[in-house]
Structure formats: structure tokens, C-alpha cells
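Listed below are the residues making up each chain.
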Amino acid sequence: MIRTANRSFSLGSLVTLACALVILIAVFALPWLALEDGATATAYELLSKSLDVPARITNTFLIIVPLAALVELALALWSLAAPQQRKAISTLALLMGVILVGYYYGTFLYEDHVNARTAATDYVRSGFVVALIAGLLLIVLTALQRAALRVPANPGTEAVALPLPRGWRMPFAWLRRSVREAIRSLQLSRIPVLAYLLGVVAAVELERREGETLARLLGFRRVPGLFGSTELLEPFSKLDFSGILAPFFPSPTDRFDAPLRSSWEALRQLGEDFVYALTSHGPREPGFFKVLLHVVEYDLLIFIIPVLIVALLLRRPGNWLLLRLPTWAGLALQIVVLYGAVSRWGALNDYRELVLIYMGVNIMLAISLNLVNGYMGEFSVGHAGFMAVGAYISSILTMWLFVDEAVFGEAMLSVPDWALPIGFLIALVAGGVAAALAGLLVAFPSFRTRGDYLAIVTLAVNFIVTGIINNIEAIGGPRGLNGVPLWTNLRWVFLLTALSVFAIHSLVNSTFGKGIVAIREDEIAAELMGVNTRKVKLVAFMVSSFIAGMSGGLFAHVLAYVNPGVFGILKSTEALVMVYLGGMGSISGSVIAAVLFTILIEAFRPLAVLKWVVVPLILILLMLFRPQGLFGFREVSLNLRGVREEGEAVVLKEASDGAAAD
Amino acid sequence: MALLQIKNLSHYFGGLLAVDNLNEEIREGELIGLIGPNGAGKTTVFNLVTGVYRPTQGDIIFQGQSLVGKSPHTINALGISRTFQTIRLWNMMSVLDNVRIAHHSRISYNLAEAFLHLPRYRHQEREIEERSMELLRLFKLERYAHEPVKNLPYGEQRRVEIVRALASRPRLLLLDEPAAGMNPREIGALMEFIHWIRDEFHLTIWLIEHQMRLVMNICERIKVLDFGATIADGTPEEIRNNPKVIEAYLGEQAEVH
Amino acid sequence: MEFFVQQFLNALQLGSLYALIALGYSMVYGVLLLINFAHGDIFMMGAFFGVFGSITLGLPFVPTLLLSMILTGLLGVTIERVAYKPLRQASRLSVVITALGVGLLLENGLLALTGANPRSYPQDLVTTKVYDLGGVSISNVKIIIIVLAALLFAGLYTIVQRTKWGMAMRAISYDKFAVPLMGVSQDQVISLTFLLGTSLAAAGGILWGVAFPVLNPYMGLRVGWKAFIAAVVGGIGDIRGAAVGGLLLGFIEIFVPAYGKSIGISSTWRDPVAFGLLLIILVVRPTGLFGVARRQKV
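None of the values given here were measured: they were computed from a predicted structure.

Caption draft 1: Examining helix α5 (residues 119-138) of chain B more closely. Look at α5(B): 28 Å from first C-alpha to last across 20 residues, which is about the 28 Å you get at 1.5 Å a residue. Along α5(B), the positions that sit buried rather than exposed are Tyr121(B), Gln124(B), Glu125(B), Ile128(B), Arg131(B), Ser132(B), Met133(B), Leu135(B) and Leu136(B). Where the residues of α5(B) are buried, they touch α17 (490-509) and α18 (511-521) of chain A together with α3 (95-101), α4 (111-116), α6 (154-167) and α7 (184-201) of chain B. Just beyond α5(B), the residue with positive phi is Lys140(B), at close to 55°.

Caption draft 2: Representation of the interface of chain A and chain C. Chain A puts 50 residues into the contact, and the matching count from chain C is 57 residues. The junction of chain A with chain C conceals about 4700 Å² of combined surface from both sides, 79% of it contributed by carbon and sulfur atoms. It is Phe249(A), Tyr453(A) and Phe463(A) in chain A that bury the most area against chain C; as a group they hold 16% of the surface buried on that side. Scanning the region where chain A abuts chain C turns up zero salt bridges. Summed over the shared surface of chain A and chain C, the result is six residue pairs in polar contact (both at pLDDT 80 or more). Among the secondary structure elements, those contributing two or more residues to the side of chain A that touches chain C are α15 (420-448), α16 (451-471), α19 (523-528), α21 (569-582) and α23 (611-625) of chain A. Considering each element in turn, the side of chain A that touches chain C owes the most residues, 12 residues, to α16(A). Classifying every residue of the side of chain A that touches chain C by side-chain character gives 39 nonpolar, eight polar and three charged.

Caption draft 3: Representation of the packing of aromatic side chains. Following the criterion strictly, the structure yields 40 aromatic pairs over all chains and no others. Geometrically, the ring pair formed by Phe8(C) and Phe251(C) is edge-to-face, given 5.2 Å between the ring centres and 65° between the ring planes. Of this pair, Phe8(C) sits in helix α1 (residues 2-32) while Phe251(C) is found in helix α10 (residues 239-260), placing the two residues 243 residues apart along the sequence. Through pairs of rings, three or more aromatic residues link up here, namely Phe379(A), Tyr580(A), Tyr25(C), Phe37(C), Trp225(C) and Phe228(C). The ring of Phe84(B) is capped by Arg88(B), whose NZ or CZ atom sits 5.7 Å from the centre of that ring. Sitting over the face of the ring of Trp165(C), Lys164(C) holds its NZ or CZ atom 5.9 Å from the ring centroid.

Caption draft 4: Molecular detail of the domain arrangement of chain B. Residues and elements named next belong to chain B. Here the domain parsing of chain B yields domain 1 (4-79 + 170-252) and domain 2 (94-157). Its C-alpha centre places domain 1 at a distance of 29 Å from the equivalent point of domain 2. Contacts between the two partners involve nine residues from domain 1, matched on the other side by six residues from domain 2. For the pair domain 1 and domain 2, the summed buried area comes to about 560 Å², and 69% of that belongs to carbon and sulfur atoms. In terms of surface lost to domain 2, no three residues of domain 1 exceed Ala 77, Trp 196 and Phe 201, which account for 48% of the buried area on that side. Applying the counting criterion to the domain 1 and domain 2 interface returns zero salt bridges. Linking domain 1 with domain 2 are one residue pair in polar contact (both at pLDDT 80 or more), by the criterion used here. Secondary structure elements with two or more residues in the side of domain 1 that touches domain 2: α2 (72-78) and α7. Residue composition of the side of domain 1 that touches domain 2, by class: six nonpolar, two polar and one charged.

Cut-offs and rules
- Residues numbered from 1 in each chain as written.
- Chains lettered and ligands numbered in written order.
- Predicted model: local features only at pLDDT ≥ 70, side-chain atom pairs only at ≥ 80, totals over all residues.
- Heavy atoms only, no water.
- Helix = DSSP H or I, 4+ residues; strand = E, 2+ residues; numbered from the N terminus.
- Expected span 1.5 Å × (residues − 1).
- Buried < 20%, exposed > 50% of the residue type's maximum accessible area, 1.4 Å probe, protein only.
- Contact = heavy atoms within 4.5 Å.
- Buried area = accessible area lost by both parts, 1.4 Å probe.
- Salt bridge = Lys/Arg side-chain N within 4 Å of Asp/Glu carboxyl O.
- Polar contact = N/O pair within 3.5 Å; in protein donor to acceptor, adjacent residues only side chain to side chain.
- Nonpolar A, V, L, I, M, F, W, Y, C, P; charged D, E, K, R; others polar.
- Phe/Tyr/Trp six-rings, centres within 6.5 Å; stacked < 30°, edge-to-face > 60°.
- Lys NZ or Arg CZ within 6 Å of the ring centre and 35° of its normal.
- Domains from an automatic or database assignment.

The structure is reproduced here in C-alpha cells:
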């Protein structure tokens, strides 16, 4: 039915054509906007003339409809054209679209948007409504077609449940197909990581140059910190949920006469606030939709498009270079470029650097826990305990030995400034070693117990560690340790994170380390086949807690203040969430999950306590619908070493293939 | 001197006597069998020899060393390897990894060398990988090398288990019901296969089996257990005609050819 | 001597509360082999339903207790149906993690929906009276808690040991495929288990609120983990074990600081010492006091 091979000019095409014509007329001839001087403007005028920023949501939507209509028109004609001409037409249509969008953004960016004359008073309904109805009709046609397709039709009999005429053509099918074809033809997986990284470097440079201008134009107060994710939920920050159930569970100071009514009142207020937060109220108070649009625009223009362009351009040179470099040199080059990209990105403001540091700490935490929970198949629920040991030991050492502060008094050693980083490193390693020794508390019981019972042991160790710290007055007890030097910076975190990832990767890919996985799969068989399971467990627990301890040390030296409450069950749960989000037994999964999780936590910061409602909700949904996590037991395949290019350019597949697959 | 010597071996599970005063002497290069009805304690004997359980009484001496109290991986390193009644491969891992891990007792690099990819680490890893691939080629399993072992058909999994057992370079191989779940034709092939691995790898083989045809055809000497106690010991010919053995097997309807 | 009796009663009180919560952990584990990490928060919900009953509805003590037990029981069954049941075929780990998520969801959801003010029961819910018996002062609250906990445990024990449903509960932990053959629906047994376990936790929550009158959404976190450890020490899956483990934990927590003062152990050392002792018990007896080691077949 949707074979494109011999399509006739059918009723379906006729309706589509009619819609397209109506939209075009509406866009070019009917009035859309009433201007202050009594004149009106058509949509075309709105698009071609300079614009003011608040009117742009509508306009961005509007550009899509006439464009689509234009291409639909072209397609309706196309169905009459000879097959060999079709590809040319679709390419032409796509090109026109690209040029129009480019022109639109060009005018937007560089014309004098300040003295825009379009001080709009009101939208005139006529043109907009007509275009909207025709556009909706097209969408409905699309939906109808999809529904018809879902009916399991016998290939021999074309008649299906929905009474659609023969030769009915799905509107916008070409768009989906072309997008898919285009993505396939880009061969994104063949692009070496190096090219992507260089793309990121380019994007970051672009942001340093143009980011501020664009951010201002889009109505952000400053350059979006984390790809706009923190701005996204800002409109909801005023929502107050606490009134909903408070009347039923009153505290001694509360007075509620009619709990049901005050609860309903709170709910209604919340609903109102929610709707208010969705929509915009002037440039100072943008609503969620508007922010979303701006965030998408910002990310596309500053990051996604430049990265893709650079990556595509550098695909061949990148592969060429990587194939000729020795493996280690290629890897080193990529790590250097990665560091360059990350540090340039983070250098824009302190907030970004802080988030990057948290990311590094979380990555170390997640991969170290994954070694035990994912690779060895144990269920450690007290990982934060080891982090606490590392944090406290390293903080005590740096404070006691190298700095003058209130808790331990003057520095024990007078070290020249240039040597302080070495001291810091020694303190971090000492913290890691102490954590590894604490890991023995779990490792020894693990020789005799497994599963749930070992889970309790890890939990108990977490409680014991925080409990002991709580009781040592010399290090502040429950009040915590104040005055930890702020020595953690991006360079340290990057270095140690990269080393940790490399170490765990080396470990689990060595024959010795594969013994860890053998323990997960069948411990008795492992022991009988010559795996010294005790030694392997000891190594796994100690390496895991060593890295957790180092991450704790880094964490303490960025917070400047540690207290035992930070390293409670909640922190352990965070580590668990990252591991199971990324997938057990997957280093790349854990790394990606740690990055995503850090951004997520930052994004939900405006929602205060709701953050901790959303995180467990994600965890539950993940377990219900994708229990293996994002990358359970497999790694993301990255093109790190370059791939050989075929001798010729990529051949586009016949368009009809894509249609048949629809 | 005997390769493996078992002296007055007894083992209790709680109050249950699982192995009762077992004596055995296995010489280099022998291929011998251990049979008996279900629950006779055959697998327990293997578990005692490989160190899964510590015997209540008696001694097990392998190449002049007592194995009692040694951990299973040490015993494996000394040169005893085994397969299992039900397949116990590491299912999520590839066939190659399964064989690689069995080289664990030969690893002498330390953690630092592994983290830094130092020469000794690289050398040993390459050696292990090459030897594993060689073994897989020898057993015509190389095309599965990177396949997760759980995706293999049952018969192939059995072969992988034997390859894994051979990877640790044993001198004594214990096979626990190698013919379980096989049809008569496959059993014929298995008999040739067992002979072949013994000659190829210069092994001593001790096997538990229910399939009388296999045991009677390939074993040079057979021991029969019932309720943990030895009820017969001798050549296949002697066992076939032993009335005690026939009595023990009556309920089992075993075909004693 | 007076001091000892005093501390003994305190320990009994705290231990009974831990035991009531530990029972729920143990029962669910016995039936589903699931560590229901949300159980501590269900205990907290029980205490909060008590606020609803006693303040919002103005009920006296016993109706409040019953109402809270019923509401919490229904909540427990709902959680099982919505979050755990779809995962019955999945790996055990995903259920455990789901339980962890449900717990966080309950405590933070409640915090978001009710605000951060601490709650407490009205003074006259249980009017405190202190009796003086030969130098030992005994409050009626302690007596009520200890007696009620003992009664509830006895009731549960009778149900589990004597009734058909209790037998099904015990059977299901041995062989979950055989139970449907006995004409008992597996789902119903599981629901009943959750109903009983969570309503006991609710009773524990209310009694806790009477004894230590500050309630907040995070109160279940610490208590829940501790009760869980008590259940494991007793041998998780065995209800006698849960009771013994709970009492043991109560005694450790009270007596360690009470008699440790002379050797420099203050009351803040309670947690580390209690957990340390439990760790030692687990290392010596890896399957808990009443747990039976299952030999793995080779």
C-alpha cells in the first residue's frame, strides 16, 4: 500500500495537496499580526523582517508549517514525476529548507533586532487559524495512516480495516525517511572519537566567542551552565507541594479546621502555579515551554551542530591519523584533547568546574562500586563508608601537615608551595590506603558469606565508620571537620578519574581480573578451576574501596568541610543508583551514568526536596522497564583506534527501501 | 609410585556416612572408572579429592603430597582438574574467557604490573591467550571463541568444559558423568574422544559414569560404590560378573552389557 | 540493682520495637527472598497514619493503632502489587533495588507533600503515669509497649504456625511452585504476608511515636536499617529469629552505654558498638542465630 514504486495521483495526495495550498495562501496572503499603526503583517513578512525575541516561539513553529507545506506540494507533484527525477526534487526541497532556516537565524542574529518595528499588539486570528487547521489536518492524516499500518495486513490483500483509499500516501513520510537515510549515510559510528572530541573543542571555543551573545538573545541571564539543564526547571521552583497532605498530618503548631478543604485548596493552588509556570509572562519570567525551546536552540546552535560538522569533516583525517599512530599514542592524544575540551568548557565559570569535579568524583565512586556489585556480583550497599574513610584521613593529613587552621593549629611541615601538590597526592593516596584497609572489614566476611548477608556486612561497615567518626571529638565529631584546604581542582580530578577508569579497565580485562567475573558466575567452579577466590575477592574489595577512598579525599578538598552525615546511606544509595542506571559490569555505562546523574541532580536542584522523589522514581521505572540498566554487561563501542575507510564515497541507499521499511 | 593415593577415606555429612573407608591407588596414565547407583557417594569422592570438602577421616596423597586441608585452587594448581555433573561454565563470559580463566594458577604478575601493562603482564597475557586459542582450535571450538558460552549447544558446552579443565595443565583429570544427556551415537564418539585426550595430553583419567557401555569399554579398572562403601573393584570383566554389583544396580535397571 | 532493672526495662522496650519491625523484614524475606528495604519507611508511614488518626480524626489510642495498622497494611499490599509483583520473574537484585527506590520515594514524597515540621502525638493519647516500685520507676508507656509487642508476636506466631495460611507462608519459602498445587494462591499468600508484616511495622511506628515523641519522614531510615540488621542476626526468614534479634539489638544498645560509661564508652558509641557486635555475630555465624546454612551442591 505504501510501495512508492507505482504511485498514482490518488485522493490522498489530492487532500494533502489541498492542505498544502491552503497553508501557503494563509502564510503569504492572510494577515497574522496587527501592528501599532493599524497595518497588518503576513507570516511571510514576520519571518522575513526583523523580529523581537518574545514573538519567536510562535514564529519558530510557523516556519515549520509553510516549509512542510511547500515540500508537500513538491511531493504531490513529485508523485507524478518520473522516478529518476524524484531524488533530485527531495534533495532540492531539503536544501531549500536548510537555506530558509539559515536565513531565518541569520536575520535573527545579525539584523538590528533592537529597533524592531514589530511592536505587536495582537495576533490576528485569521491567517494563523487557517494555517493551523490545515496543518492539524495533515497531522491527522499522518496519524490515520500510522493506525492503518498497525493493522496486521496480509501482504496479498491490500484492503485493511481502515477505509483508506488505494494509493493513500502518508504525509511527511519523506521527512522521516530522509532523516533516517541522512543519519545512516553519516555513518556516525565510523567517526573516530578523536574527531568528536575536536568537535567539542571547536564547540567550546564557539561558545566562548558567541555564547554570551546568543544567551542574551535567547533571554538567558547568563550563559547556560550545564547545557541549559539547570535553567529548564527553574520556572517550577516556586511550586509548593507541602500543603497537600499537611492538613492530614498536622504538626503541633498547625491549625487546620477542615483538612479536606484546605488540602483541596492547596492542590488547586498548585495546579494554578503549575500552569502559570508552563507559560511565559514577559521576558523576565519565561515559562517552561519557552525555556525549553531556548535551551534546545542554544544546544543545537552552540554544541550539537558544530560538533557534528567538525566531526564529519575530520572523520577521514582522524581515521587516517589514528591508524598510523601506535595505540598508546592515539589514546594519549585523545585523552589530552578530552582534557583540553573539558577544561576549556569548565573554565567558563566556577559552577561548571564544580560540577565537573562532582562528575569525576561520582565516576570514581560508580566504577569502584561496579567492580564489586557488577563484576563480582556482590551487593554492597555501604560504599559511602569507604569514601568517608578516604575523605577524613586525607583531610586530616593535609590540615595537620600542610596548612595553618583552627582544628590542628599550625602546619607540622613547612613545605614550599611548589611541593604542596605532592603533599596533596600523598594525602589522597593515604586516604585511599586507609579506605582499602577498611575494605578488609568487608573482604574477610565475604570469604564465608555471600549475597544478602554480605549486604548487611557492608551496611554495618558504613554505619560503623560514620559512627566512629561521630565519636572522635578531635576531628569534630558530628559537627564535622572545617577548614579543609580547597585543593581539589579539575586537573587533579581529571587525572585521578582517568587513572581509575584505566586501572579498573585493565583489571577486569586481565586474566586475573576475569576471575572476579568468574566468581559472579559460579564461585565454586572458579575455585575448582584454579582461581584463588579469596585473593581475588580481597583484591576486588581493596581496589574498589581504595578508589572510593580517593574519591572521598577529592570530595572533601572541594567541599572544604566534611561531616559524617555526608557519607551516610543516602550517599551509598547515590552510588547504587549510578551503577544500576549505567548497568552492571559496564565501565562505560557507569561513567555515562555518573555524568548523567550529576547533571540530573543539578537540574533538579530548583525543585529542592522533589529531587529525591524524582531520583528514586527513575530508579524504580528503570528496574520495571529496563532492569539491566543502560549498558548492562556490555561496553559502549567507541572508535578509538580509527577504522579503514572504503575507497569511495558513501552510496545512498535507494529511497524506496526506506519506504518499504516504514 | 602411584600418582594419587587415597587411604581410608571417610566423610560424614552431619550424621550421614557419605564415603566409607575408601582406598584407591591410581597410577600414571591409567583410565579408571567409578560407578555406583545414585547417591552412592561418587561425586562426594571427587569433591573430597578436589578439596571442596575436607574429609572427616583418611588421607589423600597426590604425587607424594597430602591434599587434605588444601584449598581447591591449590589442588588445581598441583595438577588435578575436573568437570561437573551438570555443566558449570561461567555463562555470561565468552568461550575464550572461560578457557583463559582456567590459567589462573599460572599467573605470576602482580597488580601493579597489570595496571601499568608492564612487559611481564603483557607477555603472560599473550601466552595465555595464544594457548587458549590453540586449545580451542585443537577441539574445533575456535569459531565460538568470542561467543558467550550460554549461546552454545549443549554438546559444545560439554566440550568447552573439558577444554577448560585441560587448560590448567592437569596430570589427573576427573570427569563427572561426561556422557550425561548424550545419545548412543554421541557416546561412541565420546569414548574415542576420551582416549584421544588421554594420549594427546598424557593424562591420567578417573571418571564417574552411569552409562555402563562407556565405562565397560574404556576403563581399565573399575571401582563400584554403594552407600559410600566399596562393594567391588577390578577389571570390567570382573565387575560385569560380580553378583554384588548386579544386586546394587537391580533397582536402577542399568544395562550391564 | 535498681539501675539494672531500669535499664532492663528500657532494653526490653527498645528491643520489642525493633522486633516488631524486624518481623516484617523477616516474613517478607521468608516468602519472597526479598530484602524489603522500604520496610523502615513503612514503619514511618505507620507512625504518620497515627498522627492522622489521633489528631485529624481525634481518635483514642486503640482505634488509632488499629486504623494505622489497617491503612499501613493496605499501603504495603499496594506497594507489593504495583512495584514488586511485576518483577517477580526478574532478577532478585532488581527487586531489591526497586525496594530501595520505594523507600526513598515514600520518605521524600511524604516530606514534599507534608512539609518539614516535626510531628508528635497529642499528650492525652497515652497519658504517662509513673509507678514507683522499690526504687524502680516504671512508666505505663513501657509496660504497654512491651505487653502489646508480646501480644502481637504471639498472635503472629499462632497465625504462622497454626493456620492454613501460615503453613502456606512457610511452605512458599521452601518451594514456591508447590504452593499453588495445594490450592492456595501464591499471590494471596504474598499479599497476606505483606499485610501482616506492614501492619506490625505500623504498630511499631505508633508505639515508637508514643515512646520517643518526635516524628519526621526520615525516622524510618535509621530504625529500619537497624531492625533489618536485627532480623539478619536472628536469621532472616525466621520469625523467632527476628524477635530474638530485635531484643538482642535493644539490649546491646541500652546496656553498652549504660555500663560502658565507666570504661569511657559514652552513649554516642551506641551505634558503632552495636553494629560492630552484629558484624562479629555474622562473621561467626554467617547465617544468623536461627538461620540454617544451605549447602550448595557441587
